Amino acid sequence: MGLIHIDLFATLDLVAQAPGTPEEDPDGGFPFGGWQAPLFDDTVGRHVGSGMAGMDALLLGRRTYDIFAAHWPYQTDGVDGGIATLFNGLPKYVASRGEPELGWAGSTLLGPDLAGAVREVRDRHEHVHVIGSLNLVQTLLRERLFDELNLWIHPIVLGVGKKVFDGGAVPANLTLLEPPVTSAKGAVLLRYGLAEGTPATGDMGARAS
């Protein structure tokens with residue numbers, strides 16, 4: 001069985017909507033599209049690139065898929081060219097409530113039993129990455145259908161927008177997989193693995209006595 005990695009960029013208040021460009025979510029009325037761009041630096045870029053090592057499949061929500069399909073097949077040069085070569089050659093699995101035409105080579109529409117379909121994808125590959133795709137991410141969190149949560153936290157608060165855990169979480173334990181990575185512009189990478197069980201409770205007063 002492979003691993004499902006959720007890769008997200010979020011703010012301190014855990015807004016993860018439209019980090020890359022204002023065009024990511026033009027119909028959502030979100031006023032801060034592209035909020036990540038001023039905070040992106042070489043450290044973030046290097047670790048994002050290294051995080052792709054071993055990736056052998058993409059699992060995407062419909063909106064993120066449409067954005068990627070409109071961009072990556074047409075990139076050929078520089079850093080984008082390298083990522084494009086990787087993404088264009090990978091199998092792409094798409095979660096959608098509709099029946100869209102998937103023109104990007106290697107794309108497959110998942111069936112209505114999303115949880116079952118995701119389990120089949122995980123059994124078929126070693127390292128499946130979910131990028132963006134907030135609605136899908138919330139389903140995976142709720143179903144505990146992920147193995148790693150790679151969360152870049154940025155030093156801004158937006159106060160509005162779709163959040164990582166909006167209605168999409170159940171009680172769960174996670175384990176920090178490595179020390180946090182920090183960038184010069186204040187972004188912090190937290191890599192967590194899903195652990196067994198649910199959160200325990202205790203009495204801090206009893207611990208101090």
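Residues numbered from 1 in each chain as written. Predicted model: local features only at pLDDT ≥ 70, side-chain atom pairs only at ≥ 80, totals over all residues. Heavy atoms only, no water.

**Let's talk about the environment of valine 157**
Within the secondary structure layout, valine 157 lies in the loop between strand E6 (148–154) and strand E7 (173–176). Counting along the chain gives 124 residues from valine 157 to glycine 33, while the straight-line C-alpha distance between them is 13 Å. Sequence-distant contacts of valine 157, defined by excluding residues within four places in its chain, comprise Leu12 and Asp13. (Helix = DSSP H or I, 4+ residues; strand = E, 2+ residues; numbered from the N terminus. Contact = heavy atoms within 4.5 Å.)

**Comments concerning helix H5 (residues 134–142)**
By the burial criterion, the buried members of H5 are Leu134, Leu136, Val137, Gln138, Leu140 and Leu141. Arginine 144 lies just past H5 and shows a positive phi near 55 degrees. (Buried < 20%, exposed > 50% of the residue type's maximum accessible area, 1.4 Å probe, protein only.)

**Digging into the environment of leucine 3**
Here leucine 3 lies in strand E1 (residues 3–11). Residues leucine 3 and histidine 125 lie 122 residues apart in sequence; the distance between their C-alpha atoms is 7.8 Å. When near neighbours in sequence (up to four residues on either side) are disregarded, leucine 3 contacts Arg122, Glu126, His127, Val128, Asp147 and Glu148.

**A closer look at the environment of threonine 175**
Looking at the element boundaries, threonine 175 is found in strand E7. Threonine 175 sits in the partly exposed class, given a relative accessible area of 40%. Distance in space between the C-alpha atoms of threonine 175 and alanine 200 is 14 Å, their sequence separation being 25 residues. Apart from the residues within four sequence positions on either side, threonine 175 is in contact with Arg191, Tyr192, Gly193 and Ala195.

**Describing the packing of aromatic side chains**
Scanning the model with the defined rule gives five aromatic pairs in all. A ring pair is formed by phenylalanine 68 and tryptophan 72, whose centres lie 6.5 Å apart and whose planes are at 90 degrees; its orientation type is edge-to-face. The exposure classification of phenylalanine 68 matches that of tryptophan 72, with both residues buried. Pairing phenylalanine 68 with phenylalanine 87 gives two aromatic rings, centres 5.8 Å apart and planes at 15 degrees, and the pair type is stacked. Of this pair, phenylalanine 68 sits in helix H2 (residues 62–69) while phenylalanine 87 is found in helix H3 (residues 78–89), placing the two residues 19 residues apart along the sequence. Across the pair, exposure class does not vary: phenylalanine 68 and phenylalanine 87 are buried alike. Among the aromatic residues, those joined into a cluster by ring pairs are Phe68, Trp72 and Phe87. (Phe/Tyr/Trp six-rings, centres within 6.5 Å; stacked < 30°, edge-to-face > 60°.)

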